[in-house]
Amino acid sequence: MKILVTGASGFLGTRLCGSLEEAGHIVARLDSKNCDLAVASNLDCYNGSRFDQIFHLAAWTRAGDFCLTHPGEQWIINQQMNTNVLAWWHRCQPQAKLISMGTSCAYDPRLELVEENYLAGKPIESLFTYAMTKRMLYAGLLSLHQQFGLTYLHLVPSTLYGPGYHTDGRQMHFIFDLIQKILRGKAYGEPVVLWGDGYQSREVVYIDDFVRVASRLSIDCENDTVNVGAGTEFTIRQFAELICEYVGFSADSIQYDTGRYVGARSKCLSIGKLRRLVPQFGQVPLSVGLGRTIEWCQNHRS
Ligand SMILES: NC(=O)c1ccc[n+]([C@@H]2O[C@H](COP(=O)([O-])OP(=O)(O)OC[C@H]3O[C@@H](n4cnc5c(N)ncnc54)[C@H](OP(=O)(O)O)[C@@H]3O)[C@@H](O)[C@H]2O)c1
């Protein structure tokens, strides 16, 4: 197949493009350097190609408290990117299936995190703008499908982890932040201070598991939204203990800063639909995935 991937240089995009190319597909890799999606005309150079699939992964965001401090820019840039990609899809690539990425933080944390609730209630305040741009992306897919019959798939991943994460010093998703802090604590004797009381819980999905299931769903499933989670969550303390065990560092010396931003207390996607669609979806055990991620982080320190 001929596949266009936006956000191809990102954590997920790099892994997805590699896997698609390995499977024999022809992949056009777009990132902010070769195609700034905030400028609609930048997509014109792809008008002459006929793509079978468009994976729209590009998003302007960061982990940590970035969303708290950049809501205005996030609204403008992400709305521009999403609108430009969807308008171009409709105008120039109506034959392509568009596969987009949602976010678990688009859900109202007071409701069950099941697909029917994606647009219900209100996302958590600290991630409100980012979450709403993802909801609007989904609303765009629904609208273009309804009026023009375009084909889409909206995937909602939990936090992804594994080798290949950013090393440019930007704020990291919690699991990489934990690993880096514990590695530095072990290597340099730096105090390991984690945000919150450590009892907030999270789930993680191994990046290659996500790529595998996303590729599968991109063929088998259409005009739907599907959560892709692990189905089990762990507290930050449990993640920290597993990492300490692997690294050989005492978990007792970890300090918890209860004054810092922690986001939602709990975030675990309902994955009943995923299980029905891909009953044989096996995930790498957490201890194995963490081991691979720690090894990678040790060799690629920022
Ligand atoms: N990682 C996770 O745990 C996670 C969880 C849930 C959902 N998601 C979603 O999955 C997608 C991929 O996540 P990720 O972790 O791979 O993100 P990422 O590493 O931050 O990558 C973002 C990508 O978007 C591109 N981009 C940013 N601004 C752009 C612009 N103006 N024009 C064109 N491209 C632009 C970046 O290009 P440059 O490299 O050139 O800046 C990069 O390729 C995102 O939509 C994200 O919301 C991720």
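Residues numbered from 1 in each chain as written. Predicted model: local features only at pLDDT ≥ 70, side-chain atom pairs only at ≥ 80, totals over all residues. Heavy atoms only, no water.

K.L.:
Outline the packing of aromatic side chains, listing residues and values.
P.N.:
Per the counting criterion, the structure on display carries ten aromatic pairs. Taken together, the aromatic side chains of Phe-11, Tyr-165 and Phe-176 make up a single cluster linked through ring pairs. Here the basic side chain of Lys-2 rests over the ring of Phe-51, its NZ or CZ set 5.9 Å away from the ring centre. A cation over a ring is seen here: Arg-62 above Phe-66, with NZ or CZ 5.8 Å from the ring centre. (Phe/Tyr/Trp six-rings, centres within 6.5 Å; stacked < 30°, edge-to-face > 60°. Lys NZ or Arg CZ within 6 Å of the ring centre and 35° of its normal.)

K.L.:
Provide a residue-level description of the sheet that holds strand E4 (residues 97-101), including the pertinent values.
P.N.:
If you trace the six strands from one edge of the open sheet to the other, you get E2-E1-E3-E4-E5-E10, paired in parallel fashion. Across the chains shown, the open sheet's two edge strands, defined by having one partner strand only, are strand E2 (26-29) and strand E10 (224-228). Put simply, the sheet's adjacent strands are angled 20° from each other on average, direction ignored. Helix H1 (residues 11-22) contacts strand E1 (2-6), E2, strand E3 (53-56) and E4 of the sheet and is inclined by roughly 160° relative to E2. In the packing of helix H6 (residues 207-220) onto the sheet, contacts are made with E3, E4, strand E5 (151-157) and E10, and the angle to E5 comes to roughly 155°. (Pairing = 2+ DSSP bridges. Helix = DSSP H or I, 4+ residues; strand = E, 2+ residues; numbered from the N terminus. Axes fitted to C-alpha atoms, helices over the stretch in contact; angles between N-to-C directions. Contact = heavy atoms within 4.5 Å.)

K.L.:
Report on the site of the ligand, specifying residues and quantitative values.
P.N.:
In the vicinity of the ligand lie 27 residues, with Ser-9, Ser-32, Lys-33, Tyr-130 and His-166 positioned nearest. Take Gly-10: an N or O atom from its main chain is 3.1 Å from an oxygen atom of the ligand. Separating a nitrogen atom of the ligand from a side-chain N or O atom of Asp-36 is a distance of 2.9 Å. In isolation the ligand has 910 Å² of accessible area, and contact with the protein removes 88% of it. (Near = heavy atom within 4 Å. Polar contact = N/O pair within 3.5 Å; in protein donor to acceptor, adjacent residues only side chain to side chain. Areas by Shrake-Rupley, 256 points an atom, 1.4 Å probe, with all protein chains shown as cover.)

K.L.:
Which residues make up the environment of Glu-22, and what are the values?
P.N.:
With respect to the secondary-structure elements, Glu-22 resides in helix H1. Under the relative-accessibility criterion, Glu-22 is labelled exposed at 76%. Along the chain, Glu-22 and Val-226 lie 204 residues apart, while their C-alpha atoms are 25 Å from each other. (Buried < 20%, exposed > 50% of the residue type's maximum accessible area, 1.4 Å probe, protein only.)

K.L.:
Please provide a residue-by-residue account of helix H5 (residues 174-188), values included.
P.N.:
Compared with an ideal rise of 1.5 Å per residue, which puts 15 residues at 21 Å, H5 spans 21 Å between its outermost C-alpha atoms and is within 8% of the ideal. In the segment just after H5, Gly-189 is the residue with positive phi, at about 70°. (Expected span 1.5 Å × (residues − 1).)

K.L.:
Describe the nonpolar core, listing the residues and the values that go with them.
P.N.:
In this structure, Val-5, Trp-89, Leu-155, Ile-175 and Leu-217 are the most contacted members of the largest nonpolar core, which totals 93 residues. For this core, the leading source of residues is H5, giving seven residues. Apart from residues lying up to four places away in sequence, Leu-155 is in contact with Ile-99, Ser-100, Met-101, Gly-102, Phe-210, Ala-214, Leu-217, Val-226 and Val-228. (Core = buried A, V, L, I, M, F, W, Y, C linked by side-chain atoms within 4.5 Å.)

K.L.:
Residues and numbers for H6, please.
P.N.:
The end-to-end C-alpha distance of H6 is 20 Å, a good match for the 20 Å that 14 residues give at a rise of 1.5 Å each. Taken together, the buried positions of H6 are occupied by Ile-207, Asp-209, Phe-210, Val-211, Val-213, Ala-214, Ser-215, Leu-217 and Ser-218.

K.L.:
Please set out the sheet that holds strand E8 (residues 201-202) residue by residue, giving values where relevant.
P.N.:
Pairing in this open sheet of three strands is mixed, and the strands run E11-E8-E13 from one edge to the other. Of all strands in the sheet, those bounded by a partner on one side alone are strand E11 (234-235) and strand E13 (266-267). Two elements, E8 and E13, share two bridges in a ladder whose sense is parallel. Note on E13: the bridge partner recorded for Ser-201 is Ser-266.

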